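# A structural walkthrough
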Amino acid sequence: MNEELLRLQSVSIFMEGEPVVDDISLTLHAGEMLAIAGESGSGKSTLLRAILGLLPKERATVTGNIFFRGQNLKDCSPRELRRIRGEQIGMIFQHTEEALCPVRTVGSQLYETIAAHRRCTRAKAKQEALKLFDLLRFPDAARIWNSYPFELSGGMNQRVGIALSMLLHPPILLADEPTSALDVTAARQVLRQLLQIRDEQQTAVLLVTHDLGVVRAAADTLLVLKDGRAVEYGPAADVLESPQSDDTKALLQAAPILRRKP
């Protein structure tokens, strides 16, 4: 069995005292794509952000345990969490273009990401980034390095977000609905890249989505949430073929049909 990288034990989340996630447990192994699915407001993105300590401390309370390679992230200092973010656990946001600075080139932001974690010249950072662009089959990689985010399509910005999260080769990627704002063609490209990263580099991917069509195309394991509670958890193929929960059945009925290999 592949190495266990992440374990959540009875994690509950309260926002201003109100429960939004209730008693969630899961494990994530190297090379596994685990999807968290559910309708809007089911707590998917909140759970993802809790893993990296990205929830506002003045509003959010997280109980339970979140282990990364045996280390409880809840016990980490802010400095330790900053080291883990990016270097050990990468994050892909739903709207990457909103996370990128519009007045700085893609290349300068990629260089800053590397330089924040280790000493690196701009020339070396460009070499590493272009190599990654080629690996991810980016068209005209040099042009993308020199482009501003507003000069790229939404789909290409999202693919840049994947590259940004992979620059430091973290063993885990957290992907927060990375295809929901894209058209079908761009969504397939993003899914193809996530599958490529999983298969070629044994990167574990924790994928948040409301779309079970995406799950069918990409996931190994599936956790379905409803109002912050787990209603299904197991091998994705089993859950999709024989759903036990009415909530999962409703999501399946609304899901577009995608092939397993986009």
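Everything below is about the structure shown above.
Procedures and definitions
- Residues numbered from 1 in each chain as written.
- Predicted model: local features only at pLDDT ≥ 70, side-chain atom pairs only at ≥ 80, totals over all residues.
- Heavy atoms only, no water.
- Helix = DSSP H or I, 4+ residues; strand = E, 2+ residues; numbered from the N terminus.
- Contact = heavy atoms within 4.5 Å.
- Polar contact = N/O pair within 3.5 Å; in protein donor to acceptor, adjacent residues only side chain to side chain.
- Pairing = 2+ DSSP bridges.
- Phe/Tyr/Trp six-rings, centres within 6.5 Å; stacked < 30°, edge-to-face > 60°.
- Core = buried A, V, L, I, M, F, W, Y, C linked by side-chain atoms within 4.5 Å.
- Buried < 20%, exposed > 50% of the residue type's maximum accessible area, 1.4 Å probe, protein only.
- 1 Å grid on protein atoms, 1.4 Å probe; cavity = no way out; pocket = protein on both sides within 12 Å on 5 of 7 lines; lining within 4 Å.
- Points joined across faces, edges and corners; volume = space filled by probe spheres on them.
- Nonpolar A, V, L, I, M, F, W, Y, C, P; charged D, E, K, R; others polar.

## A word on the environment of Glu32
Mapped onto the secondary structure, Glu32 falls in the loop between strand 2 (18-29) and strand 3 (33-37). With 110 residues separating them in the primary sequence, Glu32 and Ala142 have C-alpha atoms 31 Å apart. With sequence-adjacent residues up to four places away left out, Glu32 is seen in contact with Thr27, Arg198, Thr203, Ala204, Val205, Asp220 and Thr221. Reaching out from Glu32, the side chain makes a polar contact with the backbone nitrogen of His29 at a distance of 2.8 Å. Engagement of the side chain of Glu32 in a polar contact is seen with the side chain of Thr221, the distance being 2.5 Å.

## Quick notes on the pairing of strand 1 (residues 4-15)
On a regular strand, each side chain points to the face opposite its neighbour's, so the side chains alternate between the two faces of the sheet. For strand 1 and strand 2, the ladder comprises eight bridges, and the chain directions are antiparallel. Residue pairing in the sheet places Glu4 in a bridge with His29 of strand 2. The hairpin turn running from strand 1 into strand 2, its antiparallel successor, is two residues long, and Glu16 in that turn takes a positive phi close to 55°. Direction of pairing for strand 1 relative to strand 4 (residues 60-68): antiparallel, over a ladder of eight bridges.

## Section: the packing of aromatic side chains
Each pair of aromatic rings is reported with the distance of its centres and the angle of its planes. For the structure on display, the rule yields two aromatic pairs. Taken together, a centroid distance of 5.7 Å and an interplanar angle of 15° make the contact between Tyr148 and Phe150 stacked.

## Some remarks on the nonpolar core
Residues Phe133, Phe138, Ile144, Ile162 and Leu194 are the most contacted members of the largest nonpolar core, which totals 38 residues. Where this core is concerned, the elements lending two or more residues are helix 4 (106-115), helix 5 (122-135), helix 6 (141-146), helix 7 (154-166), strand 7 (172-176), helix 8 (184-201), strand 8 (204-209) and helix 9 (212-218). When residues in this core are grouped by element, the largest group, seven residues, is from helix 8. Ignoring anything within four residues of it in the chain, the contact list for Ile144 reads Val106, Phe133, Phe138, Pro139, Leu152, Met156 and Val160. By size, the runner-up hydrophobic cluster in this structure holds 35 residues, among which are Leu52, Met91, Ile172 and Leu206.

## Things to note about the layout of surface pockets
With a probe scaled to a water molecule rolled over the atoms, the places where space remains empty come into view. Approximately 550 Å³ is the volume attributed to the largest pocket. As for the largest pocket, its lining consists of 25 residues, of which Gly86, Met91, Phe93, Thr113 and Leu164 are closest to the centre. Sorting the residues of the lining of the largest pocket by element identifies helix 2 (78-87), strand 6 (89-92), helix 3 (96-99), helix 4 and helix 7 as the ones contributing at least two each. In terms of residue count, strand 6 provides more of the lining of the largest pocket than any other element does, four residues in total. Among the residues forming the lining of the largest pocket, the class breakdown is 13 nonpolar, eight polar and four charged. Within this model, the second largest pocket holds a volume of roughly 350 Å³. In terms of lining, the second largest pocket is formed by 20 residues, of which the most central are Ala50, Gly53, Lys57, Val62 and Leu81. Broken down by secondary-structure element, the contributors of at least two residues to the lining of the second largest pocket are helix 1 (44-51), strand 4 and helix 2.

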